[in-house]
Amino acid sequence: MAVSVGLHLLILVIAISGWSWSSSNYEPPPRSISARLIGPEPRPAPAVTEVDQPDEAEQRLVEDRKLLEQQRKAEQQRKAEEQKKKQEADARVQQQAEQKREEQTQEKARAQAEKQKQAQVTEAAKLKADAEAKEQARQKAEQQAERQRQEAERKVEEQKQLEEQRKKAEAERQKREQQAKEKAEQERLEAERKRQEAERRLREQNLKALAQQATDAEADQARQSQQAAAARAREAQMLTDAEKYQALIRESLSRAWYPPSSATEQMTARLQISLLPTGELVNVTLVRGSGNTAFDNSALSAVRSLSRYSVPPDRDTFDSYFRQFTIEFNPSRLR
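A look at the overall build of the protein
Thought 1: If you tally the helices and strands in the protein, you get 4 helices and 4 strands.
Thought 2: The order of helices and strands in the protein, counted from the N terminus, is α-α-β-β-α-α-β-β.
Thought 3: A buried classification covers 14% of the 335 residues belonging to the protein.
Thought 4: Residue pairs at least 24 apart in sequence account for 74% of intrachain contacts in the protein once pairs closer than 6 positions are excluded.
Thought 5: Here the protein has roughly 26700 Å² of accessible surface; of this, 53% comes from carbon and sulfur atoms.

Some points on the pairing of strand β1 (residues 269-275)
Thought 1: Across the 7 residues of β1, 5 count as buried, placing the element largely inside the fold.
Thought 2: Sheet topology places β1 next to strand β3 (residues 324-330); 6 bridges connect them, and they run antiparallel. Opposite Ala269, over in β3, you have Phe329 as the bridge partner.
Thought 3: For β1 and strand β2 (residues 281-288), the ladder comprises 6 bridges, and the chain directions are antiparallel. From the neighbouring strand, Leu275 faces β2, where its bridge partner is Leu281.
Thought 4: Between β1 and β2, which follow one another and run antiparallel, lie 5 residues, and Gly279 among them has a positive phi close to 95°.

Considering the nonpolar core
Thought 1: Leu253, Leu271, Val303, Tyr309, Phe322 and Phe329 are the most contacted members of the largest nonpolar core, which has 28 residues in total.
Thought 2: Contacts of Leu271, omitting those with residues within four sequence positions, involve Val284, Thr285, Leu286, Val287, Ala299, Leu300, Val303, Phe325, Thr326, Ile327 and Phe329.

Thoughts on the sheet that holds β1
Thought 1: Sheet architecture is open: 4 strands sit in the order β2-β1-β3-β4, paired in antiparallel fashion. Each of the sheet's edge strands pairs with one partner strand only, and the pair in question is β2 and β4 (333-334).
Thought 2: In the packing of helix α3 (residues 293-305) onto the sheet, contacts are made with β1, β2 and β3, and the angle to β2 comes to roughly 160°.

Calculation notes
- Residues numbered from 1 in each chain as written.
- Predicted model: local features only at pLDDT ≥ 70, side-chain atom pairs only at ≥ 80, totals over all residues.
- Heavy atoms only, no water.
- Helix = DSSP H or I, 4+ residues; strand = E, 2+ residues; numbered from the N terminus.
- Buried < 20%, exposed > 50% of the residue type's maximum accessible area, 1.4 Å probe, protein only.
- Contact = heavy atoms within 4.5 Å.
- Areas by Shrake-Rupley, 256 points an atom, 1.4 Å probe, with all protein chains shown as cover.
- Pairing = 2+ DSSP bridges.
- Core = buried A, V, L, I, M, F, W, Y, C linked by side-chain atoms within 4.5 Å.
- Axes fitted to C-alpha atoms, helices over the stretch in contact; angles between N-to-C directions.

Any link to function would need more than the numbers given here.
This is the structure:
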């Protein structure tokens, strides 16, 4: 019994291993297909004695071989069915590919036809546009020719009008020239008359003017004599006033000047003084120095020390003598 069980197990392992090796590319069957192996119903083993055991084992081995043969045939049948299904699937795929290629071919044909149709439409449109352009060019040329004709007619008409206007203007010019000549002659005669009248009046006026000039000359001479006398008197008065106020200024500066102990009779400093009409000092400038700085500075200090100078109230005298004047400082004199 143990030997029989061991043989069954060995056969089963070999069958499974052979099945696995022979179906390395095995694909699982569709879910819609199921198969089962129907074997002979097991029959109860007859009771045997120990003497019959080798025949029973052999019988079981035969049965297992039959079972394996049936399984092999079922596997072959299954593989054949799978191969058939694969071939059918490949055929369907090839058919779909062919159908797709056919559709692509038809699509290309339709696109080519559409392209040709579009090209034909474009060509027709181009031909139509060319025809319209030619028609427009023809109409434009006709219009241009018509405009040129009208322009030529207009220029001829203008030339005619210009010629008429020129003749009319020439006649008017000649008429105006004649009128101008007549008017000029009249004006010349009138001017000559007026000139003679003016010369007569001018001679009379000249005679009167000469008489008046003689009278005026006498009066002017008398007036100029009077003005000269008045000017001389005025100048004498201004000079007198200037000398008086100059003496006052020299006196004031003499009192304000303190020459240094090193001063000598040969030292002289010339200063230029500018005053306001009120007698206020505007500026003092050393025009020529004495060669001694202390001497020059003492003279400048004396001029600047006076807050107000004595100036004449008369503006002309002030402008002539005191607005700007020079004075010399010398130990023995001021002038």
